[in-house]
Amino acid sequence: MNTNSLQQHVNEQLEETTFLTSVLDKIATATDHHIPRKRIRPTNNPPWFSQEIKRLINARQHSYRRFKRYQTEPHRQEHIHACRAVKRTIKSTKRNKEITVAAQGKTNQKSFYKSERQTTQKRHYWTTD
């Protein structure tokens, strides 16, 4: 191979890579401009929080609104029962979660300390007292 053909080959390779990078840059800017980004928000729920608890809390709020609107004794009793159901379910779910974590902690201490850290960070948000 002589130096002219080698120089020509290198120039062709250089042109191809610059062309490829410019095309990729244009594709990247077009996707950034035209495709919307989806924001994924982390959940702030404690590990013991379930769909059942969420449903009971919504029912409690609904019964409270109904009691405030009508101010009758049956609506008051319904709200009291809904509050007690939420409190009872949260306590039992927390207790079951702690039992599960303690059982897993005997074999896997990492999961035990992870759940302990999660519950202590969130404790002030969810109280049952």
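None of the values given here were measured: they were computed from a predicted structure.

Rules used in this analysis
- Throughout, residues of each chain are indexed from 1 in the direction in which the sequence is written.
- Local features in this predicted model are restricted to residues of pLDDT 70 or higher, and side-chain atom pairs are both shown and tallied only at a pLDDT of 80 or more, whereas totals for entire chains, interfaces and linings draw on every residue.
- As a convention, hydrogens and water are excluded, and side-chain values are obtained from all of the structure's heavy atoms.
- We count a stretch as a helix when DSSP gives it H or I for four or more residues in a row; a strand needs E for two or more, and each element gets its number in order from the N terminus.
- Exposure categories follow from relative accessible area, calculated using a 1.4 Å probe and restricted to protein chains: below 20% of the type maximum is buried, above 50% is exposed, and the middle band is partly exposed.
- The contact definition used throughout considers only heavy atoms, calling two residues in contact when any of these lie within 4.5 Å.
- The method behind every accessible area is Shrake-Rupley, applied with a 1.4 Å probe, and residues are considered shielded solely by the protein chains displayed.
- Salt bridges are identified by distance alone: a Lys or Arg side-chain nitrogen within 4 Å of an Asp or Glu carboxyl oxygen.
- Residue-level confidence of the predictor, termed pLDDT, takes values from 0 up to 100.
- Each residue after the first adds 1.5 Å to the expected span of a helix.
- Taking the helix axis as origin, the arc is that swept by the directions to the C-beta atoms.

**Observations regarding the overall build of the chain**
No. 1: When helices and strands are counted, the chain shows four helices and zero strands.
No. 2: From first element to last, N terminus to C terminus, the chain shows the α and β order α-α-α-α.
No. 3: Taken over 129 residues, the chain has a buried fraction of 16%.
No. 4: Taking contacts inside the chain between residues at least 6 apart in sequence as the whole, the part at least 24 apart equals 64%.
No. 5: When the accessible surface of the chain is summed, it comes to about 11200 Å², and 53% of that surface belongs to carbon and sulfur atoms.

**Considerations on the pattern of salt bridges**
No. 1: In total, this model carries three salt bridges according to the counting rule given.
No. 2: For the salt bridge of Asp32 with Arg37, the shortest nitrogen-to-oxygen distance reads 3.3 Å.
No. 3: Residue classification places Arg37 among the exposed positions, given a relative accessible area of 70%.
No. 4: With its nearest N and O atoms 2.9 Å apart, the salt bridge here joins Arg66 to Glu78. Note that Arg66 is positioned in helix 2 (residues 51-70) and Glu78 in helix 3 (residues 73-107), a separation of twelve residues in sequence.
No. 5: Note on Glu78: relative accessible area 30%, which makes it partly exposed.

**Focus: the confidence of the model for the chain**
No. 1: Here the chain shows a mean pLDDT of 84. Residues at 70 or above account for 88%.
No. 2: Summarising per-element confidence for the chain, the mean pLDDT is lowest in helix 4 (residues 109-122) (74) and highest in helix 2 (96).

**So, helix 2**
No. 1: Its 20 residues give helix 2 an end-to-end C-alpha distance of 29 Å, which sits within 8% of 28 Å, the value for a rise of 1.5 Å per residue.
No. 2: If you check which residues of helix 2 are buried, you get Ile53, Leu56, Ile57, Ser63 and Phe67. Buried positions in helix 2, seen along its axis, are confined to an arc of 125° and lie on one side of it. Along helix 2, the residues that are exposed and aim more than 90 degrees away from the buried face are Gln51, Arg55, Arg65 and Arg69.

**Remarks on the environment of Leu56**
No. 1: Note on placement: Leu56 falls in helix 2.
No. 2: A relative accessible area of 14% means that Leu56 is categorised as buried.
No. 3: Between the C-alpha atom of Leu56 and that of Ile90, which follows or precedes it by 34 residues, the distance is 9.8 Å.
No. 4: For Leu56, the residues in contact, after removing those within four places along its chain, are Ala85, Val86 and Thr89.

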